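Secondary and tertiary structure notes
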Amino acid sequence: MPSFKPLATAANTLRARLSPSLRTRGGGGSGPSRWISEGHEERPKGFVFNRTPPPAGESRKWEDWELPCYITSFLAVVILGVGLNAKPDLTIETWAHQKALERLELESSQPAESD
């Protein structure tokens, strides 16, 4: 059975070489984190989307993307609602029901043969 000692030695050497570079990238240890820099708040303010509400009596200004987005969303809902409600019923049950009604009508319209 082969010895795993050379493999373990190579893994330890690799780990020792990589660990200083991991520490400088924010992988642990002390020092500045790569995810937080000055100017960022530690906690949110508690408002929706972290926006402070406008002063009393003023309304919020709309962003440039809001009106086209709202209009497009509304039109998509209307088009889908009308289109999906107006689509034809193509299920196998409806087809079979119509064929059965046609056969019954055909049988009832033919005169009964008496023996």
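Residues numbered from 1 in each chain as written. Predicted model: local features only at pLDDT ≥ 70, side-chain atom pairs only at ≥ 80, totals over all residues. Heavy atoms only, no water.

1. A closer look at the overall build of the protein chain
Across its full length, the protein chain carries three helices and zero strands. Expressed as a percentage of its 115 residues, the buried residues of the protein chain come to 1%. Total accessible area computed for the protein chain in this model is approximately 11700 Å², and 61% of it derives from carbon and sulfur atoms. (Helix = DSSP H or I, 4+ residues; strand = E, 2+ residues; numbered from the N terminus. Buried < 20%, exposed > 50% of the residue type's maximum accessible area, 1.4 Å probe, protein only. Areas by Shrake-Rupley, 256 points an atom, 1.4 Å probe, with all protein chains shown as cover.)

2. Some details on the pattern of salt bridges
Under the counting rule described, the total for this entry stands at two salt bridges. Taking the shortest distance from any N to any O, the salt bridge between Glu66 and Arg60 comes out at 3.1 Å. The exposure class of Glu66 is buried, given its relative accessible area of 4%. The salt bridge partner of Glu102 is Lys99, with a shortest N-O separation of 3.8 Å. Taken together, the positions of Glu102 and Lys99, both in helix H3 (residues 92–109) and three residues apart, correspond to about one turn of that helix. The exposure class of Glu102 is partly exposed, given its relative accessible area of 48%. The exposure class of Lys99 is partly exposed, given its relative accessible area of 35%. (Salt bridge = Lys/Arg side-chain N within 4 Å of Asp/Glu carboxyl O.)

3. Describing the side chain of Glu66
Among the structural elements, Glu66 can be located in helix H2 (residues 66–85). Of the polar contacts made by the side chain of Glu66, one reaches the backbone nitrogen of Glu63; its length is 2.6 Å. (Polar contact = N/O pair within 3.5 Å; in protein donor to acceptor, adjacent residues only side chain to side chain.)

4. Some thoughts on a nonpolar patch on the surface
A contiguous nonpolar patch, built from Trp62, Trp65, Leu67, Tyr70, Ile71, Phe74, Leu75, Val78, Ile79 and Val82 and spanning about 1100 Å² of accessible area, is present on the exposed surface. Note on placement: Tyr70 falls in helix H2. (Patch = residues over 30% accessible without salt bridge, like charges linked within 9 Å, V, L, I, M, F, W, Y side chains within 5 Å.)

5. Concerning the confidence of the model for the protein chain
Of all residues in the protein chain, 71% have pLDDT values of 70 or greater, and the mean over the chain is 81. Highest mean pLDDT in the protein chain belongs to H2 (96); lowest belongs to helix H1 (residues 5–24) (73). (pLDDT = per-residue confidence, 0-100.)

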